[in-house]
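# What the coordinates show
For reference, the chains in residue letters:
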Amino acid sequence: MSHFLDRAEINERLADSPWQDVDVAPEVASTNDELMRDARPWRALVTDNQTQGRGRLDRSWVVPPGRSIALSATLPLPQDPARWGWVPLLVGVAVRRAVRNLTGASIGLKWPNDVLARPDARQPWAKLAGILCNATGGATPTVVAGIGINVHQELDELPIDAATSLRLIGHDVRCEDLVVGVLRELAIVQQDWDSTELDDLYRAACVTISQHVRVELSGDDAVIGEAMDIDAMGRLVVDTPGGPVPHAVGDVIHIRPGDHRPSAPDSNPQERAAFVDSLEQRLLGGPRTLRREDVAREAGVSTDETRRLWRALGFVNARDEDVVFTEADVRAMRAVDRSVRDGELDEETVLGLARAVGRSTDRLAMWSLQVITDMIVDSDSLGVDSRTARIAAERAVEVADDLSPLIDYVWRRSLAVAISRLIADSEPESHIGVTRTIGFADLVNFTQLVRQLTERELAALVQRFEALASDVIAAHGGAIIKTVGDEVLFSHTTVEGAVAIAFDLLDQAAADDLVPRMRVGLATGRVLARLGDVYGNTVNRAARLTGAAAPGTVLADTEVATALAGRSDVRAVAREAIHLAGIGQITSWVLSRRAAN
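Residues numbered from 1 in each chain as written. Predicted model: local features only at pLDDT ≥ 70, side-chain atom pairs only at ≥ 80, totals over all residues. Heavy atoms only, no water.

### A few points about the packing of aromatic side chains
Applying the stated criterion to the full structure yields three aromatic pairs. A centroid spacing of 4.9 Å and a plane angle of 75 degrees characterise the contact between W19 and W42, whose relative ring orientation is edge-to-face. One end of the pair, W19, is in the loop between helix 1 (7–13) and strand 1 (22–25); the other, W42, is in the loop between helix 2 (31–36) and strand 2 (44–47), with 23 residues separating them in the sequence. Look at W310 and F325: their rings are 4.8 Å apart centre to centre, the planes differ by 70 degrees, and that puts the pair in the edge-to-face class. (Phe/Tyr/Trp six-rings, centres within 6.5 Å; stacked < 30°, edge-to-face > 60°. Helix = DSSP H or I, 4+ residues; strand = E, 2+ residues; numbered from the N terminus.)

Listed below in structure tokens is the structure:
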């Protein structure tokens, strides 16, 4: 048994999978050759010492003892031979998933058989793993998928300069964990590789698409062009002067992504547009190939329905003849239509939900991209140059797969909170609106401060203010209604909670060197809550009180002060009656914390 691999542990952890007897060899010439001698499905062989391994085109693939793993696994081939070209690509999807699940690393796929990695978006891609698939004949054809992964190598142990290892990108992992993860993902992927369900996942992860590539053919022939897509047979489609040409798996070698990118993408509008299109294709899982009528026909709806949904989502209306839609639009339209046909929602409700999602996610997308860009921008830079913009855009696309489950989880959590508030607010008799305490927090002298700050300093201030407000409001169980530069509107179901938020906001601002002093206005009463916003006299009172508050103070209406009567930790002192525009004369109250005895 290998010194570095625990066969018993691997098999115990895979006991509930199709892999019932994973063999571990202390040394083997070639794991693929060994399995090809008896290529029954669901056999696997792994070693950390492969002495005569091969990659594509008979290139040597040797695993130093204990530094890497060589893994071969036999699986049933897709029933449709036209799908066989996708097998090595989908094996790459499985390896990528396993590595990302284990490390969270930035992992890409290079067509047709390389798994790439890099420590961060500023660094070039390097080869982390290679894949070699050998098909067998017979009545039930199988494929032996050979996978070599660089795990523990240092820089001087790598066979080529353009390679890397998990250790070199900052991740020390146990080989047993990696073997178990890869085999589990292979079993999952194999279940779907007869269909096209996973093809878009490959396209989204494939960094070759949209790159300028050199395809080396037999002899000295070569083709140079842009890699446009992966076709239905798993072939790389290259745009050449004579038109798009597909190249099959096993016949093509292309240049490594990034070797021939223009140094200044913004100097060439066509190249810039192609770059944006390629990222969109990765995000949406495929190129724009459909017109509006195509989407309607495939989804089984009318073109007017697609037009109304598109508009509700907040997207610019496309002309009927424009090819701007993808298969993702078809799937979305089918899901919407199904919810209407099943009677779960009516069309007007669906459009309302579309507006809510469109408006919220538009800001979410812009905010997310800005945060990622801020991470990448040099602290000494005065702006975002074309190179930084490109790096930020690529990083945003790379993390999209990770963010999607997070966004879904947060939405579900938020929906649960909203449901609990709905139930709590319901009353035996119908009333208009719900009872809330509303607060406005405003940065003092913000307009004057803006004139003194650079754009970068202003951006840092706004970001710090939003982060501070979000943390404080969430900590006390409140809800942010909206933020507008120098002001945040929040609500709470209790007066006490809103007051605690107000005090903490003032304290946090006073302790922060970047954020100026705040002032807060509070009012409590019924509000109309619609589409994530609040309306009514209570909201208006809180807004006007904020404008009347002195810097560093909390100014509240009589209803808030009355609710606090008898509290030993809060003092409410009445001011002279003040006139608030649109409201009239009211008595306002200055709130402060009482000193502890």
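### Things to note about the sheet that holds strand 6 (residues 106–110)
Strands sit in the order 1-2-5-9-8-7-6 across an open sheet of seven strands; the sheet is mixed. Across the chains shown, the open sheet's two edge strands, defined by having one partner strand only, are strand 1 and strand 6. Geometrically, the sheet is characterised by an average inter-axis angle of 20 degrees between neighbouring strands, direction not taken into account. Pairing analysis gives nine bridges linking strand 5 (residues 68–76) to strand 9 (residues 142–150), with the strands arranged antiparallel. (Pairing = 2+ DSSP bridges. Axes fitted to C-alpha atoms, helices over the stretch in contact; angles between N-to-C directions.)

### Details of the pattern of salt bridges
With the rule as written, the count across this model stands at 33 salt bridges. Taking the shortest distance from any N to any O, the salt bridge between K110 and D114 comes out at 3.8 Å. Residues K110 and D114 agree in their burial class; the two are buried. Two residues, D229 and R203, come together in a salt bridge whose shortest N-O distance is 3.0 Å. With D229 in strand 11 (residues 222–230) and R203 in helix 5 (residues 199–205), this residue pair connects regions lying 26 residues apart in the sequence. The buried category is assigned to D229, whose relative accessible area is 17%. Residue classification places R203 among the buried residues on the basis of a relative accessible area of 12%. (Salt bridge = Lys/Arg side-chain N within 4 Å of Asp/Glu carboxyl O. Buried < 20%, exposed > 50% of the residue type's maximum accessible area, 1.4 Å probe, protein only.)

### Examining the environment of A556
With respect to the helices, strands and loops of the structure, A556 is situated in strand 19 (residues 554–556). Between the C-alpha atom of A556 and that of I438, which follows or precedes it by 118 residues, the distance is 10.0 Å. If we ignore the near neighbours within four places in the chain, the residues touching A556 are L522, L545, T587, S588, W589 and L591. (Contact = heavy atoms within 4.5 Å.)

### Thoughts on empty space enclosed by the protein
Per the counting criterion, the structure on display carries two cavities of 30 Å³ or more. Counted as a void, the second largest cavity has a volume near 30 Å³. What lines the second largest cavity is simply R96, I107, G108, W125, A205, V207, R282 and E398. Here the residues of the lining of the second largest cavity are counted per class, giving four nonpolar, one polar and three charged. (1 Å grid on protein atoms, 1.4 Å probe; cavity = no way out; pocket = protein on both sides within 12 Å on 5 of 7 lines; lining within 4 Å. Points joined across faces, edges and corners; volume = space filled by probe spheres on them. Nonpolar A, V, L, I, M, F, W, Y, C, P; charged D, E, K, R; others polar.)

### With respect to a nonpolar patch on the surface
Together, L364, L403, L406, I407, Y409 and V410 make up a nonpolar patch on the protein surface, roughly 490 Å² of accessible area in all. If one sorts the elements of the nonpolar patch by residue count, helix 11 (residues 386–425) sits on top with five residues. With respect to the helices, strands and loops of the structure, L406 is situated in helix 11. (Patch = residues over 30% accessible without salt bridge, like charges linked within 9 Å, V, L, I, M, F, W, Y side chains within 5 Å. Areas by Shrake-Rupley, 256 points an atom, 1.4 Å probe, with all protein chains shown as cover.)

### Some remarks on helix 7 (residues 292–299)
Of the residues making up helix 7, those classed as buried are R292, D294, V295, A296 and A299. Among the residues trailing helix 7, G300 stands out with phi positive, at a value near 75 degrees.

### Let's talk about helix 4 (residues 175–192)
Along its 18 residues, helix 4 runs 26 Å from first to last C-alpha, staying within 8% of the 26 Å computed at 1.5 Å per residue. Every buried residue of helix 4 is accounted for by C175, E176, L178, V179, V180, V182, L183, E185, L186, A187, V189 and Q190. Those residues of helix 4 hidden inside the fold are in contact with helix 1, strand 1, strand 2, strand 5, helix 3 (87–103) and strand 9. (Expected span 1.5 Å × (residues − 1).)

### What about unusual backbone geometry?
The residue after W111, namely P112, is reached through a cis peptide bond having omega 0 degrees. In this structure, W42 is a non-glycine residue whose phi angle is positive, near 65 degrees. Look at W42 and you get partly exposed, because its relative accessible area is 23%.

### As for the pairing of strand 12 (residues 236–240)
Taking burial as the measure, the five residues of strand 12 include four buried ones, the bulk of the element. Judged from the four bridges that link them, strand 11 and strand 12 form a sheet pairing that is antiparallel. Of the residues in strand 12, the one forming a bridge with E226 is D239. Between strand 11 and the antiparallel strand that follows it, strand 12, lie five residues; G234 among them carries a positive phi value of about 85 degrees. Bridge count for strand 12 against strand 13 (residues 243–247) is five bridges, and the pairing is antiparallel. When the bridges of strand 13 are listed, T240 appears paired with G243. Following strand 12, the chain reverses through two residues before pairing antiparallel with strand 13.

### Considerations on the packing of helix 3 against helix 4
The contact between helix 3 and helix 4 brings their axes to 8 Å, and the two run at 135 degrees. Looking at the two axes, helix 3 sits oblique to helix 4. For helix 3 against helix 4, the interelement crossing comes out right-handed. Only D177, L178, G181, V182, E185, L186, I188 and V189 of helix 4 make contact with helix 3, whose side of the interface consists of L90, V91, A94, V95, R97, A98, V99, N101 and L102. Taken together, the residues of the contact of helix 3 with helix 4 break down into 12 nonpolar, two polar and three charged. (Parallel < 35°, antiparallel > 145°, perpendicular 65-115°, else oblique. Left-handed = near helix turned anticlockwise from the far one by under 90°.)

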